[in-house]
Amino acid sequence: MRARSTRHRLTAVAVSAVALLAVSACGDSGGDDGPVQLRFSWWGNNDRAAATQRVIDAFQTANPDIKVTGSSADFNAYFDRLATEVAAGDAPDVITLGGAYPREYGDRGALLDLARVSAELKTDKIDPAALGNGRFEDKQFGVPTGVNTFAMVVNPTVFSKAGVPLPDDSKWTWDDFSRIAREISAKSPKGTYGVADPTSADMFDLYSRQRGEALYTPEGKVAISRQTVTDWWTMTTGLRDSGATPPASVTTELEGQPAPEQTLMGRGLAGMQFDWSNQLGALRKASGQPLELLRAPGESTQKPGMWLQASQIYTINARSEHPKEAAKFVAFLVNSPEAGKIILTDRGIPANSEVLTAVVPALNPDQSAQAKFIERATPQAGPPLVIGPTGSTDTRLIVQRLNAEVLFNRKSPADSAAEFIKQVEAAIGK
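Worth saying up front: this structure is predicted, and the values here are computed from it rather than measured.

Draft legend 1. Empty space enclosed by the protein, seen in detail. Throughout the structure, instances matching the rule amount to four cavities of 30 Å³ or more. Considered as a void within the structure, the largest cavity measures approximately 130 Å³ in volume. Forming the boundary of the largest cavity are 16 residues, of which Thr145, Leu333, Val334, Ile343 and Pro350 lie nearest the centre. Elements represented by at least two residues in the lining of the largest cavity include exactly α12 (323-335) and α13 (337-343). Tallied by class, the residues present in the lining of the largest cavity amount to 10 nonpolar, five polar and one charged.

Draft legend 2. Structural view of the pairing of strand β2 (residues 66-73). Pairing geometry for strand β1 (residues 36-43) and β2, over eight bridges, is parallel. What sits directly across from Arg39, in β2, is Thr69. Each parallel crossover has a hand, and for β1 linked through helix α2 (residues 46-62) to β2 it is right-handed.

Draft legend 3. Expanded view of the sheet that holds strand β3 (residues 94-97). With mixed pairing, the five strands of this open sheet are ordered in space as β2-β1-β3-β13-β6. Of all the strands in the sheet, just β2 and β6 (142-144) have a single pairing partner and so form its edges. Shown here is a sheet whose adjacent strand axes are inclined to one another by a mean of 20 degrees, direction ignored. Strands β1 and β2 of the sheet are contacted by α2, whose axis makes an angle of about 170 degrees with β2.

Draft legend 4. Structural view of the pattern of salt bridges. Tallying each qualifying case throughout the model produces 16 salt bridges. Asp176 is the salt-bridge partner of Arg179, the closest N and O atoms lying 3.5 Å from each other. With Arg179 and Asp176 both in helix α7 (residues 174-186) and three residues apart, this pair spans about one turn of that helix. In this structure, the salt-bridge partner of Asp366 is Arg284, at a minimum N-O distance of 2.6 Å. In this pair, Asp366 sits in helix α15 (residues 365-377) while Arg284 sits in helix α11 (residues 280-287), placing the two residues 82 residues apart along the sequence. Each of the salt bridges in this network shares a partner with another, and the network as a whole consists of Arg39, Arg81, Glu85 and Asp90.

Draft legend 5. Focus on the nonpolar core. Counting 79 residues, the largest nonpolar core has Tyr105, Trp174, Phe177, Phe204, Met272 and Phe420 as the members making the most contacts within it. Per element, the largest residue contribution to this core is six residues, and it comes from helix α17 (residues 413-428). Leave out the neighbours within four places in its chain, and Phe420 touches Phe204, Leu215, Ile224, Val229, Trp233, Thr395, Ile398, Val399 and Leu402.

Draft legend 6. Just the packing of aromatic side chains, in detail. Scanning the entire structure with this criterion turns up 25 aromatic pairs. Arranged with centres 5.3 Å apart and planes meeting at 50 degrees, the rings of Trp43 and Phe79 form a pair that is tilted. Within this pair, whereas Trp43 is found in strand β1, its partner Phe79 is found in helix α3 (residues 75-87), the two being separated by 36 residues in sequence. Residue class for Trp43 comes out buried when judged on its relative accessible area of 11%. With a centroid separation of 6.3 Å and 20 degrees between ring planes, the pair formed by Tyr101 and Tyr105 is classed as stacked. A residue pair is termed a helical-turn pair when its members lie 3 or 4 positions apart in one helix, as Tyr101 and Tyr105 do in helix α4 (residues 101-107) at four residues. For the pair shown, Tyr101 and Tyr105 are each scored as buried. In this structure an aromatic cluster arises from ring pairing among Phe150, Trp172, Trp174, Phe177, Phe204, Tyr207, Trp232, Trp233, Phe274, Trp276, Trp307 and Phe420.

Reading guide: rules and limits
- Residues numbered from 1 in each chain as written.
- Predicted model: local features only at pLDDT ≥ 70, side-chain atom pairs only at ≥ 80, totals over all residues.
- Heavy atoms only, no water.
- 1 Å grid on protein atoms, 1.4 Å probe; cavity = no way out; pocket = protein on both sides within 12 Å on 5 of 7 lines; lining within 4 Å.
- Points joined across faces, edges and corners; volume = space filled by probe spheres on them.
- Helix = DSSP H or I, 4+ residues; strand = E, 2+ residues; numbered from the N terminus.
- Nonpolar A, V, L, I, M, F, W, Y, C, P; charged D, E, K, R; others polar.
- Pairing = 2+ DSSP bridges.
- Right-handed = clockwise from strand over helix to strand, strands pointing away.
- Axes fitted to C-alpha atoms, helices over the stretch in contact; angles between N-to-C directions.
- Contact = heavy atoms within 4.5 Å.
- Salt bridge = Lys/Arg side-chain N within 4 Å of Asp/Glu carboxyl O.
- Core = buried A, V, L, I, M, F, W, Y, C linked by side-chain atoms within 4.5 Å.
- Buried < 20%, exposed > 50% of the residue type's maximum accessible area, 1.4 Å probe, protein only.
- Phe/Tyr/Trp six-rings, centres within 6.5 Å; stacked < 30°, edge-to-face > 60°.

This is the structure:
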C-alpha cells in the first residue's frame with residue numbers, strides 16, 4: 001500500500017531478513033537440472049527495458065549455463081514492490097538501487113558483502129569516488145552503473161520564443177533564476193512555465209550544500225537548517241504566486257507521473273527543470289527539443305552544491321542461492337564493453353574507465369552532451385555526498401507531503417520547515 005511508509009516497510013525487511021538469513025546462507029550454485037536461474041530488477045521506462053534485455057541476451061549468449069529473467073517498473077512502484085519482496089524473502093538475485101537505498105538495505109542485512117564474490121566481480125577499473133557510493137561500514141554492498149549529477153535542464157526553444165536569453169551558468173544566482181523563470185512564464189503561452197516546481201530531496205541537498213550544510217551529517221544526523229528550508233520554500237511559493245511555476249494542483253498531479261514524457265519539460269511546457277543529467281536523452285526524445293544541461297544557480301557565487309553520484313547501484317541479494325553467478329552477471333553489466341555499448345549513458349556515464357573509452361565513439365549527440373557536461377562539471381563539483389542513514393529513504397516522501405502543504409497554503413514555509421526537520425529526525429531515529 002502506498003500509504004505505508006518506507007520506514008515501516010523496511011522495518012519489516014529488517015525482521016524478515018534477519019530471520020531468513022539465520023536459516024539460509026548464500027548457497028553454492030546448482031546447475032544439475034539445467035541453467036542457473038537469476039532474477040534481475042531495475043526501474044525505468046520502456047527504452048531502458050529494451051536496452052537492458054539486449055544486455056541480458058548478450059550475457060546469456062556468452063554464459064548459456066545462466067538464465068536471467070528481468071523485471072522493471074516506474075520508480076515509485078519499483079521500490080514499493082521491492083520492499084515487499086525483500087520482506088517476504090523473495091527479492092531478485094541482482095537488485096538495482098539508488099540514493100540511500102543501498103545503505104538502508106545493507107544495514108538491514110539484505111545485501112551481500114561483495115568481498116565474498118571478489119573473484120567474480122572486479123572493481124579496480126571503477127573510479128573510487130563512484131565506488132564509494134556503494135560502500136558502508138567498511139563493506140562494499142554495491143557497484144555503480146555509471147555517474148551523473150543533479151543539474152538544470154533547459155529548453156532553448158522555450159527561452160527563444162519568450163525572448164529570454166539563456167543564463168550564463170558560470171555566474172548566475174538564485175535571484176537570477178527566479179527572475180528568468182518569471183520572465184519566461186510572463187512571455188509564454190498559457191500552460192508554459194518558466195520552471196517546473198523544483199522542490200525535491202535532491203534539491204534540498206544541493207541548496208543546503210551551497211550554504212555549507214547538507215541534508216545529513218556523516219554521523220547520520222540531520223544537517224540542513226530550519227532557516228535554509230524556510231528560505232527555499234519562501235522562494236518557491238514566490239515562484240508559484242508569480243506564475244513562474246504551475247499551480248499547486250498541477251505540481252501535485254505531476255508528482256505521480258515521473259516518466260520523462262509526462263513531465264513539463266518532456267512535454268515542451270517548461271523552460272527549466274532540475275533533473276539528473278542522465279535523463280537528458282529521454283527528455284530530448286520526449287520533447288523533440290534540443291535540450292541542454294547547465295550548472296545549478298549559485299554554484300559559482302556560493303559553495304559548490306552539485307556532486308558526482310552513482311546513477312544507480314547494482315547489488316546482490318544476501319539470500320541469493322547463486323551469488324557467484326549473480327556477481328558474474330553484475331561484472332558483465334559494469335565491466336563489459338559489449339554491455340557498455342548497449343547501455344551507453346542510460347544509467348550514467350560509465351564508471352569503468354575501459355568501458356567509457358570503448359563507448360565514446362558510439363555515443364549519439366544526446367549521450368555525448370551528457371559526457372561533455374560531466375567532464376565540464378567534474379572539476380567544479382563539491383565534495384562527495386553524505387549518503388543518508390537508515391530511515392532516510394522516507395525523506396523523499398516527507399518532502400513531497402510537506403511541499404503540497406506549502407503549495408496549497410495549508411502551512412507556512414517556516415512551519416513546514418520545522419515540521420520537515422522533526423519528521424526526518426523521527427524517520428532516522430535521531
